[in-house]
Amino acid sequence: MGKGFFISKTLTIAGVIVGAGAVATIIALSVVYSQEKAKNQEVKPTNGGTSPPTTTQVTPWDPWDHYRLPDSLSPVSYNITLWPRLEASRSTGLYIFTGRSAVVFECKKPTDLILIHSNKLNLTLINGHHARLTGLDGATPPNIKDSWLQPVTQFLVIQLDGRLQAGNRYELYSDFTGELADDLGGFYRSEYFVGEIKKVVATTQMQPTHARKAFPCFDEPAMKAVFHMTLLHPHGTVALANGMNVGRYGTVALANVDGQDVTQTSFQATPIMSTYLLAFVVSEFDFIRSPEGEKVLYFQIRIWARKQAIEEGQGDYALEKTGPILEFFEKYYTTDYPLNKSDQIALPDFSAGAMENWGLITYRETALLFNNASSSNADKEWIATVISHELAHMWFGNLVTMRWWNDLWLNEGFATYVSYLGANSAEPTWNYTDLIVMKEVYKVMSVDALASSHPLSTKEQDIMQPAQISELFDSITYSKGAAILRMLSEFLTEPVFARGLSTYLNTFKYGNTVYQDLWNHLQTDRNSNELPASIEVIMNRWILQMGFPLVSIDTTNGHITQNHFLLDPESVVDRPSEFQYEWIVPIKWIKSGTEQTPFWLKSKTGMDTHPPLKMIGSDWVLANTKVSGFFRVNYDTANWERLLTQLSTNHEVIPVINRAQIVDDAFNLARAKTVSTKLALRTTLYLQKEREYMPWEMADRNLGYFFLMFDRSEVYGPMRAYLRKQVMPLFNHFQAITANWTKIPDNHLDQYTQVRAISLACSSGVPVCEALMTSWFQAWMKTPEKNPIHPNLRQTVYCGALAAGGVEEWNFAWKMYKEAPIASEAEKLMYGLTCTREPWLIQRYLTYCLDPEKIRKQDATFTMVYIAGNVVGQSLVWDFVRANWNYIYNDYGSGSFSFGRLIEGITRRFSSEFELKQLQQFIKENSDQGLGSASQAVEQALERTKANIKWVAENKADVFQWFTDNSKLI
């Protein structure tokens, strides 16, 4: 899902689908390009997001100056024919597509105005107007008085000389031409090579507001309709769409169209659905499919990819797991899969991880293709998770859809949550559901603990413009949404949660909803006497106000309180909340290892007392077991000490998830000045005995913050020595059980822990580890055709070896990156290349980032963020982005660039007044143009930088002394 504001090579002259005008269109396109680009750049993106609108905002007078469609018309069906040209014009070098569309709509209220979305399309004039209107079923249409394109709000405006009548149906027909650009949005172009031959794929990404770039349409989620698709394409290519192709093969060879022989493929009509779920692809891909009559499946599953990838079996794992995951969701929702096929296709260029187009799911290659010889355990997990996420949408999001984008969190948060359930069902030995705590819950808490965070759900009127909609595709929407729904499922119980979902889906299938509809269905299946309030009352406090609570427990007297947790307690929260930042909190807890009766914390006023929390002797309390609730926990000093004692004496008494919780809570409470930094650091002392993945992962993340803050100071030396001391037992453990690194552990999470052991040992300077990585990489350089490094370890080894090496190693890795047979291997090398310590090599790599021939547009953001993680590269990438911001902003745009991710990644090390001033100057310099979907990320970066400056000043001396004292070998 692309983010940011996009300005492309806009097409402005008329074209036709099959006529001789196509050639003239291409020629004229190049003439008007610079004029139209300049015109579009005058449209300034707003400071969108979920910030409350200002009171000085001017209300537009004309309907076409509003961003929302009026409620006077409702689409019924579309009949669309598109012809993408897979070869560039010899005269202009541009790729185009031509098309025609006929949309049938019903008039709901009398009106003399038609507004329909159209963006970057060149509409052929028909009798002097941009479209043709006819009446259906005896209805007489008024004449078109005037028509024009409104580029700011992306409308085709049609004024009539009379009114359309309520209850009547009409058809609007248009011919158009568009650019098949490489911008990763709408109907776009992807490229790959077979040997020296370039292959072009015509594909789509409609979410959130890009269907209007492919054909004129009512491009809002609630404007559902039936779609009839036909694609014209070259012989030797295959066409796919949401529906199955019509007839046995669905193709009819056309003798001659505009002087060219082409193939026509028509598709079955779709169910009633939203425009953002449309997809169509023309390619030379091949596929594998589920065997006829397999199990109980009554629909066809196909995995599509480049022919070489299919021949090498890279789609086999996806095919193997898709059926079981779909069967799991059919049982979970107690609703049949609503389509007769499930196509999944891996694209060389794709902006998001995947897109849940109904019946034709599109993926990055890394999210669908797996190779046993070169893909890692993490690659397999990612594929299972993404497939599960997208298949979950086939019901929740596609069958039943949010009414407007302000409730995107329910769509994406739900799919994120149940993706862990679906993946766990497909890989039951992974114990995968526990990992949601690290991958979603704690990840998003670091964002939601900022005063510049935002609520999950907002008012519809606060989200209007495309840039504002794109900005919603962030970690709050996905990860916090998942965490909140997981918490809801926990306190309702999963069976109750699933039954409520089933009735919700069956009641609203093929329709649109708001989040309250789900609350109501869950409430009907739950005895309200078992809860402290209705589900809506409880959950509104979690979705309508930002942030989350810090629950404080005093075990000396059983008192328990809550308050809004902020990483910087001095930051100003200027976003009001009708709930005064108070939550109704479900508390699950254990006492000295034994589960206790759950209870609810219902207010923050006064001092609540829960007598069972009062401890005597050596007993300890640990709240939020399994981290089932979205909150952090603090204790009185005595209870903290008892927990630390338990960790040092017999840590396994505490559940592994909660050992990770103790570490993460303590470090974040220390950053918020709630507990001392020394107490947080002491939670890592026991790690010499720890062999489980989750506590080590959380320790690595939190100590990683210390490295970001201090890796340019004198603290770095003793800090690195301490980490080396702590990780050595883990490194030695895995060296022993893997027969000196010649084997891989069987357990899924143990494989991750092995990678963490090598990574931390090498980065902290364990000599034998550094020698090991260098020797493995050198062996590969000697025999490039045979990589001796296990796929699980490659990313870590590539990084370590390139950090220790020079230009020879870097050039070898770059060559291997360009020749990588599978995208997941290329991604590991792409990361490893960022680890070099040579500034000139980093600078070279940065220039590659803005050359799509070297680094695909989809990967540019990630590469820059990876470079920023390198202490040598951080200042270089910051300078590079500032120097090239206009180019990045205008030529990469929303389809291919996540500006929010870029800003967050580059600024996370900022901790000085000089860096703060640079950031403020960057904002000032770009105030006229705007920052698109990075606006919110920049605000958060400012807040984080100020907090970092204060934290470093207050803690540097103590941290230096603590690491010095505790890094000494006994």
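Values in this document were obtained by computation on a predicted structure and should not be read as measured data.

Caption draft 1: Structural context of the overall build of the chain. The secondary structure content of the chain amounts to 28 helices and 31 strands. Against the 2.2 N^0.38 benchmark of 30 Å for 970 residues, the chain shows a C-alpha radius of gyration of 29 Å, consistent with a compact globule. Dimensions along the principal axes, computed over C-alpha positions, put the chain at roughly 90 × 70 × 60 Å. In the chain, which comprises 970 residues, the proportion classed as buried is 63%. Across the chain, contacts joining residues at least 24 apart in sequence account for 75% of those joining residues at least 6 apart. Of the roughly 35,300 Å² of accessible surface on the chain, 51% is carried by carbon and sulfur atoms.

Caption draft 2: Broad picture of the packing of helix α15 (residues 693-710) against helix α28 (residues 935-966). Contact geometry for α15 and α28: axes closest at 11 Å, N-to-C directions at 105 degrees. Considered as vectors, α15 and α28 are oriented roughly perpendicular to each other. Facing Leu-703, Tyr-705, Phe-706, Met-709 and Phe-710 of α15, the residues of α28 in contact are Asn-948, Trp-951, Val-952, Lys-956, Val-959 and Phe-963. Split by residue class, the contact of α15 with α28 holds nine nonpolar, one polar and one charged.

Caption draft 3: Examining the confidence of the model for the chain more closely. Confidence in the prediction of the chain, expressed as mean pLDDT, is 90, and 90% of residues score 70 or more. A low-confidence stretch, residues 1-57 stays under pLDDT 50, and its non-local contacts, those more than four residues away or across chains, total 149 contacts.

Caption draft 4: View of helix α21 (residues 823-832). Most of α21 sits inside the fold, with eight of its ten residues counted as buried. Contacts made by the buried residues of α21 are with α4 (377-393), α18 (767-782), α19 (791-804), α20 (807-819), α22 (839-849) and α23 (857-868).

Caption draft 5: Spatial organisation of the packing of aromatic side chains. Evaluation of the coordinates by the stated rule reveals 66 aromatic pairs. Between Phe-707 and Tyr-716 the ring centres are 5.9 Å apart and the planes differ by 85 degrees, which places this aromatic pair in the edge-to-face class. Given a relative accessible area of 17%, Phe-707 falls into the buried group. By relative accessible area, which is 28% here, Tyr-716 ends up partly exposed. Between the NZ or CZ atom of Arg-671 and the centre of the ring of Tyr-705, over which it lies, the distance is 3.7 Å.

Caption draft 6: Up close: the pattern of salt bridges. Per the counting criterion, the structure on display carries 43 salt bridges. The residue Glu-490 makes a salt bridge to Lys-588 at a minimum N-O spacing of 3.0 Å. One end of the pair, Glu-490, is in helix α8 (residues 475-492); the other, Lys-588, is in the loop between β25 (585-587) and β26 (589-591), and 98 residues separate them in sequence. Taking relative accessible area as the criterion, Glu-490 reaches 33% and is therefore assigned partly exposed. Each of Asp-568, Glu-570, Lys-673, Lys-950 and Glu-954 takes part in salt bridges that share partners, so that together they form one network.

Caption draft 7: Representation of the sheet that holds strand β24 (residues 559-564) within the structure. Spatial ordering of the open sheet is given by β29-β24-β23-β31, a layout of four strands whose pairing is mixed. With one partner strand each, in any of the chains shown, β29 (608-609) and β31 (632-635) form the two edges of the open sheet. Note: strand β23 (residues 549-554) against β31, four bridges, orientation parallel. Looking at the pairing, Val-551 lines up with Val-633 of β31. Relative to β31, helix α13 (residues 656-671) is tilted by about 80 degrees, and along the sheet it contacts β23 and β31.

Caption draft 8: Quick peek at the sheet that holds strand β16 (residues 286-289). Taking strand neighbours across the sheet as the criterion, the five strands line up as β16-β17-β18-β20-β19 in an open arrangement whose pairing is mixed. Of all strands in the sheet, those with a lone pairing partner are β16 and β19 (354-355), marking the two edges. Bridge analysis of β16 against strand β17 (residues 300-305) gives four bridges, and the strand direction is antiparallel. Of the residues in β17, the one forming a bridge with Arg-289 is Arg-302. Of the strands in this sheet, β16, β17 and β18 (341-347) touch helix α3 (residues 316-333), which is tilted by about 150 degrees from β17.

Caption draft 9: A look at the state of the cysteines. Evaluated as defined, the whole model comprises two disulfides. The disulfide partner of Cys-762 is Cys-769, and the gap between their sulfur atoms is 1.8 Å. The S-S bond linking Cys-762 to Cys-769 shows a torsion near -85 degrees; that makes this disulfide left-handed. Residue Cys-762 shares its accessibility class with Cys-769, and that shared class is buried. When the bonded cysteines of the chain are numbered from the N-terminus onward, they pair as 1-2, 3-4. Just so you know, Cys-217 is unpaired, no disulfide at all, and the nearest cysteine sulfur is the one on Cys-107, 19 Å from it.

Caption draft 10: Here's a closer look at unusual backbone geometry. Cis geometry is found at the peptide bond from Gln-207 to Pro-208, where omega equals 0 degrees. Within the fold, Pro-208 resides in the loop between β10 (197-205) and β11 (226-234). The phi dihedral of Leu-184 falls on the positive side, at around 65 degrees, and the residue is not glycine. Structurally, Leu-184 is set in the loop between β8 (169-179) and β9 (186-194). Take Leu-184: its relative accessible area is 2%, and that puts it in the buried class. Of note, Thr-334 is a non-glycine position whose phi angle comes to about 50 degrees, a positive value. Considering the arrangement of structural elements, one finds Thr-334 in the loop between α3 and β18.

Caption draft 11: Layout of the side chain of Gln-754. Checked against the element boundaries, Gln-754 lands in helix α17 (residues 748-763). On the basis of relative accessibility, which here comes to 0%, the residue Gln-754 falls in the buried class. Those residues within four positions of Gln-754 in sequence are excluded, and the remaining contacts are Phe-734, Thr-738, Trp-741, Lys-743, Ile-744, Pro-745 and Leu-793.

Caption draft 12: Representation of the packing of α4 against helix α5 (residues 408-426) in the model. Two elements in contact, α4 and α5, have axes separated by 7 Å at closest approach and are oriented at 125 degrees. Between α4 and α5, the interaxial angle falls into the category oblique. Remark: the crossing between α4 and α5 carries right-handed chirality. In this structure, α4 uses Ala-384, Thr-385, Ser-388, His-389, Ala-392 and His-393 to contact α5, whose residues at the interface are Asn-411, Glu-412, Ala-415, Thr-416, Val-418, Ser-419, Gly-422 and Ala-423.

Caption draft 13: Here's a closer look at the pairing of β9. Of all nine residues in β9, seven are buried; the element is thus mostly enclosed. Bridge count for β9 against β10 is nine bridges, and the pairing is antiparallel. By the bridge assignment for β10, Ser-190 is matched with Val-201. Taking the residues that link successive antiparallel strands as the turn, the β9-β10 hairpin has two residues, and the phi of Gly-195 there is positive, at about 65 degrees.

Caption draft 14: Just the environment of Phe-187, in detail. Take Phe-187: it is sitting in strand β9. For the pair formed by Phe-187 and Ala-202, sequence separation is 15 residues and the distance between their alpha carbons is 6.9 Å. The residues touching Phe-187, leaving out its near neighbours within four places in the chain, are Leu-82, Pro-84, Phe-97, Glu-179, Leu-180, Ala-181, Ala-202, Thr-203, Thr-204, Ala-214 and Phe-280.

How each quantity is defined
- Residues numbered from 1 in each chain as written.
- Predicted model: local features only at pLDDT ≥ 70, side-chain atom pairs only at ≥ 80, totals over all residues.
- Heavy atoms only, no water.
- Helix = DSSP H or I, 4+ residues; strand = E, 2+ residues; numbered from the N terminus.
- Rg over C-alpha atoms; globule rule 2.2 N^0.38 Å.
- Buried < 20%, exposed > 50% of the residue type's maximum accessible area, 1.4 Å probe, protein only.
- Contact = heavy atoms within 4.5 Å.
- Areas by Shrake-Rupley, 256 points an atom, 1.4 Å probe, with all protein chains shown as cover.
- Axes fitted to C-alpha atoms, helices over the stretch in contact; angles between N-to-C directions.
- Parallel < 35°, antiparallel > 145°, perpendicular 65-115°, else oblique.
- Nonpolar A, V, L, I, M, F, W, Y, C, P; charged D, E, K, R; others polar.
- pLDDT = per-residue confidence, 0-100.
- Phe/Tyr/Trp six-rings, centres within 6.5 Å; stacked < 30°, edge-to-face > 60°.
- Lys NZ or Arg CZ within 6 Å of the ring centre and 35° of its normal.
- Salt bridge = Lys/Arg side-chain N within 4 Å of Asp/Glu carboxyl O.
- Pairing = 2+ DSSP bridges.
- Disulfide = S-S within 2.5 Å.
- Left-handed = near helix turned anticlockwise from the far one by under 90°.

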